[in-house]
Amino acid sequence: MVFNTKMIFAVLFLCFSATCVIAGDPTLEHEWKITYGTIAPLGVPQQGILINGQFPGPVINCTSNNNIIVNVFNQLDEPILLTWAGVQQRKNSWQDGTPGAMCPILPGKNYTYRFQVKDQIGTYFYFPSTALHRASGGIGMIKIHNRNLIPIPFDKPADEYAVLLGDWYNKGHKSLKNILDSGRSIGRPDGIQINGQSNKVGDANAKPLFTFEAGKTYRLRVCNVGLRLSVNFRIQGHTMKVVEMEGSHTVQNVYDSLDLHVGQCMSVLVTADQTPKDYYFVASSRFAQHPHSTVAVIRYANGNGPASPELPPPPPENTKGIAWSISQFRSFRWNLTSNAARPNPQGSYKYGKINITRTIKLVNTRSSVNGKLRFGINGVSHVDAETPLKLAEYYGVADKVFTYNLMKDEPQEGDKVEVAPNVVNGTYRNFVEIIFENHEKTIQTWHLDGFSFFAVAIEPGRWSPEKRKNYNLLDAVSRNTIQVYPNSWAAVMTTLDNAGMWNLRSEMRERAYLGQQLYLSVVSEAHSLRDEYSLPETQQLCGIVESLPKPAPYT
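What counts, and where the lines are drawn
Residues numbered from 1 in each chain as written. Predicted model: local features only at pLDDT ≥ 70, side-chain atom pairs only at ≥ 80, totals over all residues. Heavy atoms only, no water. UniProt positions renumbered as here; feature names shortened; annotations may be inferred. Helix = DSSP H or I, 4+ residues; strand = E, 2+ residues; numbered from the N terminus. Rg over C-alpha atoms; globule rule 2.2 N^0.38 Å. Buried < 20%, exposed > 50% of the residue type's maximum accessible area, 1.4 Å probe, protein only. Contact = heavy atoms within 4.5 Å. Lys, Arg positive; Asp, Glu negative; His and termini not counted. Charge placed at Lys NZ, Arg CZ, Asp CG, Glu CD. Arc of directions from axis to C-beta. Disulfide = S-S within 2.5 Å. Salt bridge = Lys/Arg side-chain N within 4 Å of Asp/Glu carboxyl O.

In the annotation of an unreviewed UniProt entry, the protein chain is listed under the name L-ascorbate oxidase and assigned to Sesamum alatum. According to the UniProt record, the Sequence similarities (unreviewed entry) comment for the protein chain reads "Belongs to the multicopper oxidase family."

**Q** What is the right way to look at the overall build of the protein chain in this model?
**A** Along the protein chain, the regular secondary structure elements total 4 helices and 36 strands. Scaling as 2.2 N^0.38, a compact globule of 555 residues should have a C-alpha radius of gyration of about 24 Å, and the protein chain matches this with 22 Å. Dimensions along the principal axes, computed over C-alpha positions, put the protein chain at roughly 70 × 60 × 50 Å. Expressed as a percentage of the 555 residues in the protein chain, the buried residues total 59%. Counting contacts in the protein chain only where the partners sit at least 6 residues apart, residues at least 24 apart contribute 77% of the total. Here the protein chain carries 54 positive and 47 negative side-chain charges, and the mean point of each set is 1 Å from the other.

**Q** Explain helix 1 (residues 173–181) here, please?
**A** Given 3.6 residues per helical turn, the α-helix brings residues three or four places apart onto the same face. Buried within helix 1 are the following residues: His173, Leu176, Ile179 and Leu180. Taken down its axis, helix 1 places every buried residue within 125° of arc, on the same side. Lining the buried residues of helix 1 we find strand 4 (26–39), strand 5 (46–51) and helix 4 (509–513). Immediately downstream of helix 1, the backbone of glycine 183 shows phi near 100°, a positive value.

**Q** Mind showing me how you'd approach the state of the cysteines here?
**A** Disulfide: a covalent bond connecting the sulfur atoms of a pair of cysteines. For the structure on display, the rule yields 2 disulfides. Bridging cysteine 103 to cysteine 542, the disulfide has an S-S length of 2.1 Å. On the S-S bond that ties cysteine 103 to cysteine 542, the torsion sits near -95°, and the link is left-handed. Within this pair, whereas cysteine 103 is found in the loop between strand 8 (82–85) and strand 9 (110–116), its partner cysteine 542 is found in the segment after strand 36 (517–523), the two being separated by 439 residues in sequence. Across this residue pair, the class does not change: cysteine 103 and cysteine 542 are buried. The disulfide that involves cysteine 223 links it to cysteine 265, with 2.1 Å between the sulfurs. Around the S-S axis, the bridge from cysteine 223 to cysteine 265 shows a dihedral of about 115° and counts as right-handed.

**Q** Can you walk me through the side chain of asparagine 422 in this structure?
**A** If you trace the backbone, asparagine 422 turns up in the loop between strand 27 (418–419) and strand 28 (423–427). According to the relative accessible area criterion, asparagine 422 is buried, its value standing at 0%. Residues contacting asparagine 422, with those up to four places away along its chain left out, are Ile377, Val380, His382, Met407, Gln517, Leu518 and Tyr519.

**Q** Any chance you could explain the pattern of salt bridges here in plain terms?
**A** When their charged atoms lie close together, side chains carrying opposite charge are able to pair. Taken as a whole and judged by the stated rule, the model has 27 salt bridges. Where glutamate 244 meets arginine 219, a salt bridge forms, and the shortest distance between an N and an O atom there is 3.4 Å. Placement of glutamate 244 in strand 17 (residues 240–245) and of arginine 219 in strand 15 (residues 217–224) is noted, with a sequence separation of 25 residues between them. Given a relative accessible area of 0%, glutamate 244 falls into the buried group. For the salt bridge of glutamate 507 with arginine 505, the shortest nitrogen-to-oxygen distance reads 3.1 Å. Of the two residues, glutamate 507 and arginine 505, neither departs from the other in class, the shared state being buried.

**Q** Just to check I follow, could you spell out unusual backbone geometry for this structure?
**A** Negative phi values dominate among residues other than glycine, just as trans dominates among peptide bonds. A cis geometry characterises the amide bond from phenylalanine 55 onward to proline 56, with omega recorded as -5°. By secondary structure assignment, the location of proline 56 is in the loop between strand 5 and strand 6 (60–63). One non-glycine residue, asparagine 52, lies in the positive phi region at around 50°. Look at asparagine 370: it is not a glycine, yet its phi comes out positive at around 55°. Positionally, asparagine 370 belongs in the loop between strand 24 (358–369) and strand 25 (372–377). On the basis of relative accessibility, which here comes to 79%, the residue asparagine 370 falls in the exposed class.

Below you can see the structure in the form of structure tokens.
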């Protein structure tokens, strides 16, 4: 197994074409080999996707403004890409790792990602964006710490732990992809895993997830990396204080249990203030017809005794459960006086006083096209092109690959669905409002690459302009995912200040794979390095641009 991490302090101004490494900004260098290997998250052996022999994969443990180099060797039998969900890739969608931005890494080849975690802190994760690879692994956590000169709004914990949990299928990624390609749904998952394991209450062979020392406080970074189900997590006998959510420090409320929707991450503080023995960390599905749950053991050092078989109860389900979950969402607030990645307080950015320049209302749909299942947005079901959209745009041949704005800013009348690349023009530096309206009976989760947005509202029913009076325009959390409950809507706001080709997608991989996603093309007309990096010299080329002369770089 090869896993090298080097810290190199730059003494010169170096430029990697895609990412500039500024003097004084440390560089973390990783070498990853992606292979197949046997895993059994639910106790059933299956072929998994490993990184350096690990599932979950290696943690990227970095600090704000660090430069990250990851040399990825693809030793699978299929092309693959890794995307860094939540890392904004400022001016650098070339490294975002989505099929609309990059050519895949072919079997037997390698590609070196180079990017900077510029002005970011927080908890995120990486995963394969190609096919259904995420269903078999290739997943790991990204921790971005504050720089030492920036104080954090809580005492330094004794330690911190990564928790990657979510639903799991015993079928492998190839089988699941074949099901979707045949026009059918992959159906319900088989269970829930926590860090690649699942246990039952009373399992004497359960290995501890981590160990606490009595009297100390720990930070748990928790992400839902599943494919379909929202999850609630809780710890026997312990409360949890939420302190960070996808890069924002939050008002520090205390909870007995927390809903975490697909693709979402948060940090909680847990104090080991109970009798020293074992306790269960519990994860259970939310809003599922056939519920699943699993447990993991938290062990106190020098403790005596097994965990109690009596688990803390889950929140309510159905209509009461949705009301409970919406209420919890509304309790999450931006900590206005805390710093984040920069010295100035988060609340110094007055997003509620900025005029909205554009409203985009998105309605997700489930339909049949030529007898096969498809998911769409406003009448368009996205399909990846052979040539990445960003490359086609950069080379000036976009008209040969896709059509801008097939999807309109409002849903259209009728049930017609067009299957095509879904690319929407976004005006650079505009302040936009995006409405997600869900007419279906299942919960949705959306993620936007390249930006954070302010999650200003979630309500039942249909959205109308009058609903803006209910927006939180003071301390909504700035984050990159938002859930939308059945027959409900959600509203977010963001400034399109990051030039590039950015993926807005359903975090449910079945839905994204079958079309519930789009790309937001944000172009700076200046074509200047001030706004966006040029095509990296080492960038892989494919499709119709492979044999074309390279355009002149930005200046």
